[in-house]
Amino acid sequence: MYNKVGVYFLFQPDEIMSTLDWLKWVSPQCSENIQLFGIVNGYLGSEWKEKLDKIDFLDITYSERNRGVAGGRNIVISRAMEWGADLLISLDNDILVPQDYFSRMVSEYSKLKAFKPNLGIITPTIFDINRLIKLYGIEELKTLFLENSSIKSRENLLEKRDELSKEDYFYHLGVSGWKGCYLVSPLFDKFYRSKRFEETVLSQNGNKDKYKFVWHRSEKRIRDGIIDGRIEYLKADTLPGGLHVFESNYIQTYGQFDERFNPYGFEDSELCIRGVEDGLEHYLVRSVFVAHDLDQRFENRAPSVTFFTRGKVRRILMNRHIKDVGEKLYLLYDTFVLFPMAIFQSSNEKIEKKLQYCFNLYYGFLFVPRRRFIESFLRLFNRGTSQR
């Protein structure tokens, strides 16, 4: 069904060694019809370029500056589409995949598209590799994911289904009810988070069922349904961007990643939301498992940066996707009243820290969309102070 498949990824210069190792595992899956498109987000020495240029079926772009995740992905997606890719596969360079991963995801997309014409984006089922290592050990885990087919690795992994059921070994099962997830305070909202979203799940025998759950799918009942096979496809509003699989006409219809989400975070969710608003459906696919080496740099960012990001995300999503005036007023009330109340009630930090968190939330919300003005002002200000 798909003649050319473009697999895109990006990395920083300081990740070159791990990326070269990663490419050794994934590049054997490529062919004349399945090619890799990568970008180096920052300056890379000529000695490394020579190594990259020797890899078959790899189109690499060298950017002298860091363009962020959204900007980098936009460049490599454009390269893949110029090549003629009609199906796009995102694959971050910290994800372990089986040796038939590309062909399996193409097959899954084609199969699901046959009876879901409004299909948007799919992802495989993603485990957190650090948790799996504790259960299996690193050598056994490598064997599961790197030396077996998708089907074989799934069967072997699920032999320990009882242990897998005891804890949350998954990395990301998608999000339903994106407004409740991304736009409101964690403690006081009753407008969005009180709802339980009903999603269609498809089982192995094709039966449809309805699962009701809150906005995030980390519930044990959902995890068990994926582990034991009762859930084969799980619909979601948003899915993690490092593993998106979608047709190139999705970009042609809804546009590229929004580069205001800089340097990274939520640009993938917002791209999913555009399709959902137009009636498309996104699905997590159980039949293929992968393992993500969770990037702790994002998880361990300072809380002040996290609140700045939350403010920025709220502003962009509200401007782009919230049309109802009453809904916008409620979200403004939540941002400036309820969320600060949640910060003061849930945090054990000193009062100065709590005030800093609120300031960063407000700063991200109010000023990020006007970043060019702020940057111009700071340049003029710095120029004036340096002349004194």
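**Student:** Explanation requested: the pairing of strand β1 (residues 5–11) in the structure shown.
**Tutor:** Where a strand is regular, its side chains alternate between the two sheet faces. Taken across its seven residues, β1 has seven buried, putting it largely inside the fold. With burial as the criterion, each face of β1 is covered, one bearing V5, V7, F9 and F11 and the other bearing G6, Y8 and L10. Pairing geometry for β1 and strand β2 (residues 34–41), over seven bridges, is parallel. Looking across to β2, one finds that V5 is bridged to I34. Note on the crossover from β1 through helix α1 (residues 16–26) to β2: the handedness is right-handed. The sheet contact formed by β1 and strand β4 (residues 87–90) spans four bridges and is parallel.

**Student:** Looking at this structure, how should I read helix α5 (residues 129–136)?
**Tutor:** The α-helix advances 3.6 residues per turn, and as a result positions three or four apart in sequence lie on the same side. Of all the positions in α5, only I129, L132, L135 and Y136 are classed as buried. Each buried residue of α5 sits inside an arc of 115° when the element is viewed along its axis, so together they form one side. You can read the cap of α5 off the contacts: a side-chain oxygen lies 3.0 Å from the backbone nitrogen of N130, and it is on D128.

**Student:** I tried to follow the pattern of salt bridges on my own but got confused; where do I start?
**Tutor:** A side chain of one charge can pair with a side chain of the opposite charge when the charged atoms of the two come close. Counted under the stated rule, the structure contains 16 salt bridges. A salt bridge links D59 to R79; the nearest nitrogen and oxygen atoms lie 2.6 Å apart. One end of the pair, D59, is in strand β3 (residues 58–63); the other, R79, is in helix α3 (residues 68–83), and 20 residues separate them in sequence. A salt bridge links D258 to R320; the shortest N-O distance between them is 3.5 Å. Note that D258 is positioned in the loop between α11 (248–254) and α12 (267–277) and R320 in helix α14 (residues 303–321), a separation of 62 residues in sequence. Among the residues examined, R320 registers a relative accessible area of 33% and is labelled partly exposed. Here the salt bridges share partners, and the residues they tie into one network are D258, R260, E270, R274 and R320.

**Student:** Where do I start with the packing of aromatic side chains in this structure?
**Tutor:** Any two aromatic rings considered together are summarised by their centre-to-centre distance and by the angle between their planes. Overall, the coordinates contain 16 aromatic pairs when judged by the stated rule. Pairing Y101 with F102 gives two aromatic rings, centres 5.9 Å apart and planes at 65°, and the pair type is edge-to-face. With a centroid separation of 5.2 Å and 75° between ring planes, the pair formed by F127 and F289 is classed as edge-to-face. Note that F127 is positioned in strand β6 (residues 119–128) and F289 in strand β12 (residues 281–292), a separation of 162 residues in sequence. Summarising the burial analysis for this pair, F127 and F289 share the class buried. Linked through ring pairs, F9, F11 and W22 together constitute an aromatic cluster.

**Student:** Explanation requested: the packing of α1 against helix α2 (residues 46–53) in the structure shown.
**Tutor:** Axis separation between α1 and α2 bottoms out at 11 Å; the angle between their running directions is 10°. Classified by the angle their axes make, α1 and α2 are roughly parallel. Of the residues in α2, those touching α1 at I16, M17, L20 and L23 are W48, K51 and L52. Here the residues of the contact of α1 with α2 are counted per class, giving six nonpolar, no polar and one charged.

**Student:** I would appreciate a short explanation of a nonpolar patch on the surface in the present structure.
**Tutor:** A cluster of nonpolar side chains, namely V325, L329, L332, Y333, F336, V337 and M341, defines an oily patch on the protein surface of about 600 Å² accessible area. When you line up the elements, L332 lands in helix α15 (residues 325–346). Here L332 falls in the partly exposed class, since its relative accessible area comes to 34%.

**Student:** How should I be thinking about the nonpolar core in this particular structure?
**Tutor:** Looking at soluble globular proteins, one finds that nonpolar side chains tend to be buried together. Residues L132 and L164 are the most contacted members of the largest nonpolar core, which totals 43 residues. Those residues in contact with L132, other than ones at most four positions away along the chain, are F127, G137, L141, F145, L157, L164, Y169 and A291. Among the nonpolar cores identified, the runner-up in size contains 40 residues, and L36, L52, F102 and I122 belong to it.

Conventions used here
- Residues numbered from 1 in each chain as written.
- Predicted model: local features only at pLDDT ≥ 70, side-chain atom pairs only at ≥ 80, totals over all residues.
- Heavy atoms only, no water.
- Buried < 20%, exposed > 50% of the residue type's maximum accessible area, 1.4 Å probe, protein only.
- Helix = DSSP H or I, 4+ residues; strand = E, 2+ residues; numbered from the N terminus.
- Pairing = 2+ DSSP bridges.
- Right-handed = clockwise from strand over helix to strand, strands pointing away.
- Arc of directions from axis to C-beta.
- Polar contact = N/O pair within 3.5 Å; in protein donor to acceptor, adjacent residues only side chain to side chain.
- Salt bridge = Lys/Arg side-chain N within 4 Å of Asp/Glu carboxyl O.
- Phe/Tyr/Trp six-rings, centres within 6.5 Å; stacked < 30°, edge-to-face > 60°.
- Axes fitted to C-alpha atoms, helices over the stretch in contact; angles between N-to-C directions.
- Parallel < 35°, antiparallel > 145°, perpendicular 65-115°, else oblique.
- Contact = heavy atoms within 4.5 Å.
- Nonpolar A, V, L, I, M, F, W, Y, C, P; charged D, E, K, R; others polar.
- Patch = residues over 30% accessible without salt bridge, like charges linked within 9 Å, V, L, I, M, F, W, Y side chains within 5 Å.
- Areas by Shrake-Rupley, 256 points an atom, 1.4 Å probe, with all protein chains shown as cover.
- Core = buried A, V, L, I, M, F, W, Y, C linked by side-chain atoms within 4.5 Å.

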